[in-house]
Amino acid sequence: MLVVAGTGTGVGKTAVTAAVAALHPDRAAALKPAQTGAAPGEAGDADAVAHLAPGTAVCELARYPDPLAPATAARRAGRAGVRAVEAARAARALAREHALVLVEGAGGPLVRLHGNGDTLADVAAELGAPVLLVTRAGLGTLNDTAAAAEALAARGLTCLGTVIGSWPARPGLAARCNIADLPEASGLPLLGALPEGAARLCPRAFSAAAAASLTPRLGGRCATPPPPRPRVTCGVCC
């Protein structure tokens, strides 16, 4: 069981969730407790994971059309939201048939899922599961990552480490320095850095990129992130 949280929105949580799932083919399941910003019938994050990591079982508990924090989007839709205990129950049900269950949040670990204040951190607490923090490469990421790590530690939660959700093709000075500074600022190991644009790859190329970009702790083969930019074609369809 692994809970995937971001240090903010748009940091690459879905791509990282799919990457970890792709490294455990036919053994993983991905749970999205609350999908926001998507109307019925539109593709959501769970659909993206299913596309990038074929064989992964996916489950979405609630969907709200407004692109807002889940509790706010739920309120605008006339609903209460998803309770932490409900998300934990769904994750445990998936765990009965899958060796690895990934629970992908919306935004950061303290973003509310329900009107009563339940958060993704509460889901991790219900499950007794470690958290994987997905963060940015550039300026501001040291503070964001350290703050998220402190928030998790204050709640007695275990954080497995961090992954940079989108490592630029031409990293600037800040990104290059952050590779060394992130572990020191957060107190957490850096477990990978997915290449920019990885989520646009075909499944076969995405799986190869995941293996080259994540460390063995997550099922990959990268010794020291980030690796040289991996080959981004599969040689068959692209």
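All values derive from a computational prediction rather than experimental measurement.

### Quick word on the side chain of K32
By the element assignment, K32 lies in strand 2 (residues 28-36). Take K32: its relative accessible area is 3%, and that puts it in the buried class. A distance of 2.8 Å separates polar atoms of two side chains, one belonging to K32 and the other to D45. Aside from chain neighbours lying at most four places away, what touches K32 is D45, A46, C59, E60, L61, E104, G105 and A106.

### Comments concerning the packing of helix 4 (residues 84-95) against helix 5 (residues 120-127)
Axis angle and axis distance: for two packed helices, these are the angle between their axes and the distance between the axes, and together they describe the pair. In contact at an axis separation of 8 Å, helix 4 and helix 5 are set at 50° when each is read in the N-to-C sense. Relative to helix 5, the element helix 4 is oriented oblique. Helix 4 and helix 5 meet at a crossing whose hand is right-handed. Contact with helix 4, carried on its side by A84, V85, A87, A88, A91 and R92, involves D122, V123, E126 and L127 of helix 5 and no other residues of that element. Residues of the contact of helix 4 with helix 5, tallied by class, amount to 7 nonpolar, no polar and 3 charged.

### Let's talk about the sheet that holds strand 5 (residues 131-135)
Within the open sheet, the 7 strands sit side by side as 3-2-4-1-5-6-7. Their pairing is parallel. Each edge of the sheet is formed by a strand with only one pairing partner; in this case those strands are strand 3 (57-64) and strand 7 (190-195). Averaged over all neighbouring strand pairs, the angle between strand axes comes to 20°, with direction disregarded. Bridge analysis of strand 1 (residues 2-6) against strand 4 (residues 100-104) gives 3 bridges, and the strand direction is parallel. Each residue of the ladder has a partner; that of V3, found in strand 4, is V103.

### Here's the deal with helix 1 (residues 13-22)
Counted residue by residue, helix 1 has 10 buried out of 10 residues, so it is predominantly covered. Every buried residue of helix 1 is accounted for by K13, T14, A15, V16, T17, A18, A19, V20, A21 and A22.

### Things to note about the state of the cysteines
Considering all chains together, one arrives at 0 disulfides under this definition. Not engaged in a disulfide, the cysteine C159 finds its nearest cysteine sulfur in C222; these two sulfurs lie 18 Å apart.

### Some remarks on the UniProt feature "binding site: Mg(2+)" (unreviewed entry) in the chain
UniProt records the feature "binding site: Mg(2+)" (unreviewed entry) for T14, D45 and E104 in the present numbering. A maximum C-alpha distance of 8.8 Å among these annotated residues, which run over 91 residues, shows that they cluster at one spot. In this view, D45 contacts T14, K32, Q35 and E104; residues no more than four positions away in its chain are not counted. Relative to the helices and strands, E104 is located in strand 4. Apart from the residues within four sequence positions on either side, E104 is in contact with V4, K13, T14, T17, L31, K32, P33, D45 and V49.

### Focus: the pattern of salt bridges
The final tally for this structure, using the stated rule, is 7 salt bridges. The closest approach of N and O atoms between D66 and R76, which form a salt bridge, is 2.7 Å. Of the two residues, D66 sits in the loop between strand 3 and helix 3 (70-76) while R76 sits in helix 3, which places them 10 residues apart along the sequence. Taking relative accessible area as the criterion, D66 reaches 22% and is therefore assigned partly exposed. Ionic pairing is found between R83 and D118, a salt bridge with its closest N-O pair at 3.0 Å. One end of the pair, R83, is in the loop between helix 3 and helix 4; the other, D118, is in the loop between strand 4 and helix 5, and 35 residues separate them in sequence. We classify D118 as buried; its relative accessible area is 11%.

Cut-offs used in this document
- Residues numbered from 1 in each chain as written.
- Predicted model: local features only at pLDDT ≥ 70, side-chain atom pairs only at ≥ 80, totals over all residues.
- Heavy atoms only, no water.
- Helix = DSSP H or I, 4+ residues; strand = E, 2+ residues; numbered from the N terminus.
- Buried < 20%, exposed > 50% of the residue type's maximum accessible area, 1.4 Å probe, protein only.
- Polar contact = N/O pair within 3.5 Å; in protein donor to acceptor, adjacent residues only side chain to side chain.
- Contact = heavy atoms within 4.5 Å.
- Axes fitted to C-alpha atoms, helices over the stretch in contact; angles between N-to-C directions.
- Parallel < 35°, antiparallel > 145°, perpendicular 65-115°, else oblique.
- Left-handed = near helix turned anticlockwise from the far one by under 90°.
- Nonpolar A, V, L, I, M, F, W, Y, C, P; charged D, E, K, R; others polar.
- Pairing = 2+ DSSP bridges.
- Disulfide = S-S within 2.5 Å.
- UniProt positions renumbered as here; feature names shortened; annotations may be inferred.
- Salt bridge = Lys/Arg side-chain N within 4 Å of Asp/Glu carboxyl O.

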